[in-house]
Amino acid sequence: YTTLFRSLKNFEVIETIIKEIKEKWPNNEDALLILAHQNQRLGQNEAAIEIYKDLLERTSGQRKVAMQIELANLYYSLSEYGKAAQEYSQVVDETAELESLQRFVTSLYKSGQISEALSLAQKIRALKGAVSVITEIEIVILGSELGDLPEAKKLSIQLYEIEPENYWHRIRIAEICC
């Protein structure tokens, strides 16, 4: 159904299909997940969130982890960073895939959880080395929030060495140095 929804432009047909799914499979996890995705696509985010929450109560294992990340990603896309951070914190640690880590650290930072964002960023760097977005947030926290300019400069140089084509790293180094 997800592929079908993407190809349909007639919202009346989509609504008919959604009604049919709800009637035929009201407790089917796959059907509910399709409905959550469709609600997101239509901008009905509150309905999608409610479906995800319902699914999280009845699902377990890796499927639950995947749905929790989807819910966290939805909150992130809505700039509800505190809620996103809460959801990520239940399923993402420093060993997770990079996109979730970037969003988790960003959510922590943007929701004002500065020490948590710094701690996680440092754990990630210890495991994976300097990583764009995550290390950039670490640099901002160290330089702007904590005033540790030598450490911020060191990390900026590490990022520049990894991504020399990114001119923002050079600008940041110049800002810190001068």
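For the structure itself, look to the data block above.
Residues numbered from 1 in each chain as written. Predicted model: local features only at pLDDT ≥ 70, side-chain atom pairs only at ≥ 80, totals over all residues. Heavy atoms only, no water.

What about the side chain of R172?
Basically, it comes down to this: Secondary structure elements follow DSSP: runs of H or I of four or more residues count as helices, runs of E of two or more count as strands, with numbering from the N terminus. Only protein chains enter the accessibility calculation, which uses a 1.4 Å probe; a residue is then buried when its area is under 20% of its type maximum, exposed when over 50%, and partly exposed in between. Counted as positive: Lys and Arg. Counted as negative: Asp and Glu. His and the chain ends are not counted at all. Any Lys or Arg side-chain nitrogen located within 4 Å of an Asp or Glu carboxyl oxygen qualifies as a salt bridge. The contact rule is simple, with two residues in contact once any of their heavy atoms fall within 4.5 Å.
On the secondary structure map, R172 appears in helix α11 (residues 167–177). Nearest to the buried, unbridged R172 among oppositely charged side chains is E136, at 4.2 Å. Contact partners of R172, with chain neighbours within four places excluded, come to E136, I139, S156 and L159.

Points about helix α9 (residues 134–145)
Put simply, the rule is: Expected helix span is taken as 1.5 Å per residue step, with the number of steps being one fewer than the number of residues.
Helix length check: α9 (12 residues) gives 16 Å between terminal C-alpha atoms against 16 Å at 1.5 Å per residue, within 8%. For α9, the full list of buried residues reads I134, T135, I137, E138, I139, I141, L142 and G143. Residues of α9 that are buried make contact with α7 (98–110), α8 (114–128), α10 (149–162) and α11. Looking at the residues trailing α9, positive phi occurs at G147, about 70 degrees.

Focus: the side chain of S156
Condition: Contacts described as polar in this section are N or O atom pairs within 3.5 Å, which, within protein, must combine one atom able to donate a hydrogen with one able to accept it, while residues neighboring in sequence count only if both atoms come from side chains.
By secondary structure assignment, the location of S156 is in helix α10. Side-chain polar atoms of S156 contact the backbone oxygen of A152, separated by 2.9 Å. S156 has contacts with I139, H169, R172, I173 and I176, leaving out every residue within four places of it along the chain.

Some remarks on the packing of aromatic side chains
Convention followed: Centres within 6.5 Å are what make two rings of Phe, Tyr or Trp a pair, Trp counting through its six-membered ring; a difference in plane orientation under 30 degrees is then read as stacked, over 60 as edge-to-face, and the rest as tilted.
Under the definition given, this model contains 3 aromatic pairs. Measuring from centroid to centroid gives 5.5 Å for Y76 and Y81, while their planes differ by 80 degrees, and the two rings are edge-to-face.

Side note on unusual backbone geometry
Even without being a glycine, S79 presents a positive backbone phi close to 60 degrees. As for its position among the elements, S79 is in the loop between α5 (61–77) and α6 (81–91). According to the relative accessible area criterion, S79 is partly exposed, its value standing at 44%.

Quick word on a nonpolar patch on the surface
Selection criterion: Exposure above 30% relative accessible area and the absence of a salt bridge qualify a residue for a patch, where like charges join within 9 Å and nonpolar side chains (Val, Leu, Ile, Met, Phe, Trp, Tyr) within 5 Å. The accessible surface values rely on the Shrake-Rupley method and a 1.4 Å probe; as for residues, cover is taken only from the protein chains in view.
Taken together, the side chains of Y167, W168 and I171 present a nonpolar region at the surface, about 330 Å² in accessible area. Tracing the backbone through its elements, the reader meets W168 in helix α11.

Some words on the packing of helix α3 (residues 29–41) against helix α4 (residues 45–58)
Here is the rule we go by: For helices, the fitted line uses only the C-alpha atoms of the stretch in contact; every axis is such a line through C-alpha atoms, and the angle between N-to-C directions lies from 0 to 180 degrees. Here roughly perpendicular refers to angles of 65 to 115 degrees, roughly parallel to angles under 35, roughly antiparallel to angles over 145, and oblique to all remaining angles. Here a crossing is called left-handed whenever its near helix is offset anticlockwise from the far helix by less than a right angle, and right-handed whenever the offset is clockwise.
Packing of α3 against α4 brings their axes to within 8 Å, and their N-to-C directions diverge by 155 degrees. When the axes of α3 and α4 are compared, the pair comes out roughly antiparallel. Along this stretch, α3 crosses α4, giving a crossing that reads as left-handed. Packed against α3, whose contacting residues are E29, L32, L33, L35, A36, H37, N39 and Q40, the element α4 presents N45, A47, A48, I51, Y52, D54, L55 and R58 at the interface.

Digging into the pattern of salt bridges
Within this structure, the stated rule accounts for 7 salt bridges. Of the charged contacts in the structure, one is a salt bridge between R125 and E138, with a shortest N-O distance of 2.5 Å. In this pair, R125 is assigned in helix α8 and E138 in helix α9, connecting sequence segments 13 residues apart. By relative accessible area, R125 is classed as buried at 19%.

Structural notes on the nonpolar core
Convention followed: By nonpolar core we mean a set of buried residues, namely Ala, Val, Leu, Ile, Met, Phe, Trp, Tyr and Cys, connected to one another through side-chain atoms within 4.5 Å.
Counting 46 residues, the largest nonpolar core has Y52, V92, F104, V105, I124 and I134 as its most contacted members. Discounting residues that sit within four places of it in the chain, F104 has contacts with A85, Y88, S89, V92 and L120.

Re the environment of Y160
Note on placement: Y160 falls in helix α10. Residues Y160 and I171, 11 residues apart in the sequence, show an inter-C-alpha distance of 10.0 Å. Y160 has contacts with H169, R170 and I173, leaving out every residue within four places of it along the chain.

Observations regarding the environment of A152
The residue A152 is located in helix α10 in this model. Given a relative accessible area of 0%, A152 falls into the buried group. Taking the C-alpha atoms as reference, A152 lies 15 Å from I162; in sequence the two are 10 residues apart. Setting aside its immediate chain neighbours within four residues, A152 contacts I139, L142, G143 and I176.

All we've got here are geometric facts, nothing functional implied.
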